[in-house]
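What the coordinates show
Below, each chain spelled out in residue letters.
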Amino acid sequence: LLAVGLIPENELSRMAGALPLGDLLEATLMQVGWIAESPVAFFHLVNDDKKTLSLLAGPDELAQELRAGSPEETGRDAGACVWSECLSEGRPVAFNAGENDFSAGCMSLHRSLAVPIFRGGCITAVLSVGNKACDYTDDDIDSVSRLGDMAWDIIEQKRSEGALADQLAFQQALIDTIPYPIFYKDTQARFLGFNRAYEETFAIRREDLIGLRVLDLDYLPEEDRRTYQEEDERTIRTRGRVEKEGE
């Protein structure tokens, strides 16, 4: 069961910067479960084949791919039926057969509601809830759809940040293999990073210098620092390049 507690929507956005993706997904499920008065909630990602779903967050027993199809193909599985119909028809689906119990994995679902999340004209994810004490209504559909759309924007941002971090780590690994000192700066001529050869040559740690300018490097002669700073500013201003040949 999800913990009961309402997180304001603007607070969920604020929490995005501090929470890992997994924790953010769980917070989203707590929120949607509370709003829809549902003790269980699920977040599924649509796979590349556009026919199957992979569980992003929800009960562990449902961590499996579910093929989209008709209720007859899916069987008497309330969760799978509602997810499949939502995915195949591209619309919110409520399963309100509260007089019967149905199983989704090892879990019994009495009622279920699934809403699609669209990006670029295609369904990218499905947010669903289950086991409300009474039937799901249009108000539930509106609330879950609104929260799902907002949550997906946050999730996409987190995933992009993760991809960028991986790319930067790969680039850092590449420049660390270069045996010559390398540094790179932003448009304000402040250091953004160094390679390992630079650290070893000048006996510094990159963490200590990131955000500084060459004027702040006390291990260089003052005259050299002024020259390098002027050179940096000129290069950035003119979008030029500097080539130096060692003696």
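Use the structure listed above.
Given the structure is predicted, the values throughout are model-derived calculations rather than measurements.

This paragraph deals with the environment of Arg-146. Tracing the sequence through the fold places Arg-146 in helix H5 (residues 138-176). A residue is classified by how much of its surface remains accessible, and Arg-146, at 45% relative accessible area, is partly exposed. Separated by 31 residues in the primary sequence, Arg-146 and Val-115 place their C-alpha atoms 9.7 Å from one another.

Tallied over the entire structure, the rule returns 8 aromatic pairs. Summarising the aromatic geometry, the rings of Phe-42 and Trp-83 are spaced 5.1 Å apart at their centres and angled 80° between planes, so their arrangement reads as edge-to-face. Here Phe-42, found in strand E1 (residues 40-46), pairs with Trp-83, found in helix H4 (residues 78-89); they are 41 residues apart in sequence, far enough to count as distant. Here Phe-42 and Trp-83 have matching classes, each one buried.

Scanning the model with the defined rule gives 13 salt bridges in all. One salt bridge connects Asp-135 with Arg-111, and the closest N-O pair in it is separated by 2.8 Å. Highlighted residues: Asp-135 in the loop between strand E8 (122-130) and H5 and Arg-111 in the loop between strand E6 (107-109) and strand E7 (112-119), separated in sequence by 24 residues. A relative accessible area of 37% means that Asp-135 is categorised as partly exposed. For Arg-111, a relative accessible area of 14% gives the class buried.

Conventions we followed
Residues numbered from 1 in each chain as written. Predicted model: local features only at pLDDT ≥ 70, side-chain atom pairs only at ≥ 80, totals over all residues. Heavy atoms only, no water. Helix = DSSP H or I, 4+ residues; strand = E, 2+ residues; numbered from the N terminus. Buried < 20%, exposed > 50% of the residue type's maximum accessible area, 1.4 Å probe, protein only. Phe/Tyr/Trp six-rings, centres within 6.5 Å; stacked < 30°, edge-to-face > 60°. Salt bridge = Lys/Arg side-chain N within 4 Å of Asp/Glu carboxyl O.

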